[in-house]
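Reading the structure
Here's the letter readout for the chains.
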Amino acid sequence: ETGVTQTPRHLVMGMTNKKSLKCEQHLGHNAMYWYKQSAKKPLELMFVYNFKEQTENNSVPSRFSPECPNSSHLFLHLHTLQPEDSALYLCASSQPNLGDQPQHFGDGTRLSIL
Amino acid sequence: ILNVEQSPQSLHVQEGDSTNFTCSFPSSNFYALHWYRWETAKSPEALFVMTLNGDEKKKGRISATLNTKEGYSYLYIKGSQPEDSATYLCASNTGNQFYFGTGTSLTVIP
């Protein structure tokens, strides 16, 4: 139990569907992150939120839309995804993004696009 | 994009053997180096964070060192046990960005 919970664990969706991934942390952290893990590739940082404000967007396509309503919750809204978006999506949290704080990860959502 | 490289890509060792692997990162724009342990079907778990050249950290049988001038970190496991089997990830942080390596997959054979 890492204190970071992601739902759902698995998701299969068509390219025209709209779905959302959810992340919740109970660690009192103020920074939250979305990562993408594709096969044979390193973890790619997608978005960073500090104190509910988005501070990083690593050129992520607009079909991925993050939302951070409060410091404990983070969503990733998905719309019109492509087959190459099939991957493991990991959420993480930490103390504010100072770079020297360890990240606490969820178990991830395995996403498959048909 | 920062290039963080880990070697070897995978490693098989006998129970009781000691082992080590390497993380290389650009020494410019360096702020912190993170090591994580990632077991299959679980979430990555933070092992160490190091920031200063010459830093050494230890947790039980696992230790790590940092050389920021030449841009590398070593992770050592003493007396490997089957439960050490996992992927070990390193990440370089530049102050506001994390760049991960592809990991070293360790299998400890009983």
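Described below are features of the structure shown in this document. (Residues numbered from 1 in each chain as written. Chains lettered and ligands numbered in written order. Predicted model: local features only at pLDDT ≥ 70, side-chain atom pairs only at ≥ 80, totals over all residues. Heavy atoms only, no water.)

**Structural notes on the layout of surface pockets**
What counts is decided by this rule: Residues are said to line a cavity or pocket when one of their atoms sits within 4 Å of a point; the points come from a 1 Å grid over protein atoms alone, cavities being sets where a 1.4 Å probe fits but cannot get out and pockets being open sets with protein on both sides within 12 Å along at least five of seven lines. Grid points are joined across faces, edges and corners, and a volume is the space filled by probe spheres set on the points. Note on conventions: DSSP H or I runs of at least 4 residues are helices, E runs of at least 2 residues are strands, and numbering of each starts at the N terminus. Polar here means any residue other than Ala, Val, Leu, Ile, Met, Phe, Trp, Tyr, Cys and Pro, which are nonpolar, and Asp, Glu, Lys and Arg, which are charged; Gly is therefore polar.
Estimates place the volume of the largest pocket at around 710 Å³. Surrounding the largest pocket, 29 residues form its lining, Q37, L88 and R110 of chain A together with W38 and T87 of chain B being those nearest its centre. Contributing elements (two or more residues each) for the lining of the largest pocket: β11 (109-113) of chain A together with β9 (86-93) and β11 (104-109) of chain B. At three residues, the largest contribution of residues to the lining of the largest pocket is made by β9 of chain B. Within the lining of the largest pocket, the residues separate by chemical class into eight nonpolar, 14 polar and seven charged.

**Remarks on the sheet that holds strand β1 (residues 5-7) of chain B**
Residue and element names in this part refer to chain B. Filter applied, for reference: In this analysis, strands are considered paired if DSSP registers two or more bridges between them. To get an axis, fit a line to the C-alpha atoms, keeping to the stretch in contact for a helix; angles then go from 0 to 180 degrees between the N-to-C directions.
Ordered by their spatial adjacency, five strands build an open sheet running β1-β3-β8-β7-β6, and the pairing between neighbours is antiparallel. The sheet is open, and its two borders are formed by β1 and β6 (56-59), each paired with just one other strand. When the angles between neighbouring strand axes are averaged without regard to direction, this sheet yields 15 degrees. Taken together, the three bridges between β1 and strand β3 (residues 19-24) define a ladder with antiparallel strand orientation. Each residue of the ladder has a partner; that of Q6, found in β3, is C23.

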